[in-house]
Amino acid sequence: QYLDEKSGRKFNQSILLSLRKCKKGEIFSGMSCERCPRNFYSLEPDPITKSINGTQRLVCSSCPENSFCLGGDIIVPYKGFWRKNENQSKVKKCLIEEACLEVTVQQNEDGSTDYLHPCSEGYGGHLCFTCQEGYGKNSENECIKCSNQTMHYVKFALLTLTSLLIIAFQIH
């Protein structure tokens, strides 16, 4: 209620206050949403509640092993390690360490984050363990570039022609 001192009249006034929910990478600190600090993360819009000194509190999680955290929801695996996507916190060791390059993090204008999980040339897929098109596995499970098939056919044709010429020469 509001009292107008001049007229002595009472007025009812309502204020509609709308608060947004905390986003991924934030925790609610009682009054507002706060971004998780460096070395911590949160992938849930409503992060984990833990009992601290008997009081329920929202907390950010510690950065997973074999990665570093830039705060918010940004988890960056070390070189040689792999993370499925930005919604997963599990960081796995690559089966071929050289296949997994350092992750590139790109912040977009709309506040979203893109994670580029680059694999070495020729590698791709889960844990950078599959070979991309045009590559094949060698005996050490490394992806190597397939040689040009056309050249194989040319070499085969030349070898066949040479063999036929030698046989024809020996018959005459």
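Since the model is a prediction, treat every value here as computed from it, not as a measurement.

1. Description of the pattern of salt bridges
- Summed over all chains, the structure comprises two salt bridges.
- Residues Asp73 and Lys24 are paired through a salt bridge, measuring 3.7 Å at the closest nitrogen-oxygen approach. Separated by 49 residues along the polypeptide, Asp73 in the loop between strand S9 (67-71) and strand S10 (74-77) and Lys24 in the loop between strand S2 (10-11) and strand S3 (26-28) bring together distant segments of the chain.
- For Asp73, a relative accessible area of 13% translates into the label buried.

2. Here's the deal with a nonpolar patch on the surface
- A contiguous nonpolar patch, built from Leu164, Ile167 and Ile171 and spanning about 330 Å² of accessible area, is present on the exposed surface.
- Inspection of the secondary structure puts Ile167 in helix H1 (residues 149-171).

3. Things to note about the side chain of Ser42
- Assignment of secondary structure puts Ser42 in the loop between strand S5 (40-41) and strand S6 (49-52).
- A polar side-chain atom of Ser42 sits 3.1 Å from the main-chain carbonyl oxygen of Glu44.

4. Regarding the environment of Lys90
- Relative to the helices and strands, Lys90 is located in the loop between strand S11 (81-82) and strand S12 (92-93).
- The exposure class assigned to Lys90 is exposed, which follows from its relative accessible area of 57%.
- Along the sequence, Lys90 and Pro64 sit 26 residues apart, while their C-alpha atoms lie 7.1 Å from each other.
- Those residues in contact with Lys90 that lie beyond four places of it in its chain are Trp82 and Arg83.

5. Concerning the packing of aromatic side chains
- Scanning the entire structure with this criterion turns up one aromatic pair.
- Across the ring face of Phe129, the terminal group of Lys137 is positioned such that the distance to the ring centre comes to 3.5 Å.

6. Details of the state of the cysteines
- Applying the stated criterion to the full structure yields six disulfides.
- Through a disulfide, Cys36 is tied to Cys60; the S-S separation comes to 2.0 Å. The sign of the -90° torsion about the S-S bond sets the Cys36-Cys60 disulfide as left-handed. Taken together, the positions of Cys36 in the loop between strand S4 (33-35) and S5 and Cys60 in the loop between strand S7 (55-58) and strand S8 (61-62) put the pair 24 residues apart, joining distant regions of the chain. With respect to class, Cys36 is no different from Cys60; both count as buried.
- Paired through a disulfide, Cys94 and Cys100 show a sulfur-sulfur distance of 1.7 Å. On the S-S bond that ties Cys94 to Cys100, the torsion sits near -100°, and the link is left-handed.

7. Side note on unusual backbone geometry
- Despite not being glycine, Leu127 shows a phi value in the positive range, around 60°.
- Within the secondary structure, Leu127 sits in the loop between strand S15 (123-124) and strand S16 (130-131).
- For Leu127, a relative accessible area of 11% translates into the label buried.
- Despite not being glycine, Cys128 has its phi angle at roughly 55°, a positive value.
- Here Cys128 shows up in the loop between S15 and S16.

8. Here's the deal with the nonpolar core
- Ranked by size, the top nonpolar core spans 10 residues in total: Trp82, Cys94, Ile96, Ala99, Cys100, Tyr123, Leu127, Cys128, Tyr135 and Cys143.
- Ignoring sequence-local partners within four residues, the contact set of Tyr123 consists of Ile96, Ala99, Cys128, Thr130, Gln132, Glu142 and Cys143.
- Residues Tyr41, Cys69, Ile75 and Phe81 belong to the second largest nonpolar core, which totals six residues.

9. Focus on the pairing of S10
- Burial along S10 is two-sided: Ile74 and Val76 and Ile75 and Pro77, pointing in opposite directions, are all buried.
- Of the pairings in the sheet, the one linking S9 to S10 comprises four bridges and is antiparallel in character. Counterpart to Ser67 in the pairing with S10 is Pro77.
- Between S9 and S10, which follow one another and run antiparallel, lie two residues, and Gly72 among them has a positive phi close to 65°.

Rules of the game
Residues numbered from 1 in each chain as written. Predicted model: local features only at pLDDT ≥ 70, side-chain atom pairs only at ≥ 80, totals over all residues. Heavy atoms only, no water. Salt bridge = Lys/Arg side-chain N within 4 Å of Asp/Glu carboxyl O. Helix = DSSP H or I, 4+ residues; strand = E, 2+ residues; numbered from the N terminus. Buried < 20%, exposed > 50% of the residue type's maximum accessible area, 1.4 Å probe, protein only. Patch = residues over 30% accessible without salt bridge, like charges linked within 9 Å, V, L, I, M, F, W, Y side chains within 5 Å. Areas by Shrake-Rupley, 256 points an atom, 1.4 Å probe, with all protein chains shown as cover. Polar contact = N/O pair within 3.5 Å; in protein donor to acceptor, adjacent residues only side chain to side chain. Contact = heavy atoms within 4.5 Å. Phe/Tyr/Trp six-rings, centres within 6.5 Å; stacked < 30°, edge-to-face > 60°. Lys NZ or Arg CZ within 6 Å of the ring centre and 35° of its normal. Disulfide = S-S within 2.5 Å. Core = buried A, V, L, I, M, F, W, Y, C linked by side-chain atoms within 4.5 Å. Pairing = 2+ DSSP bridges.

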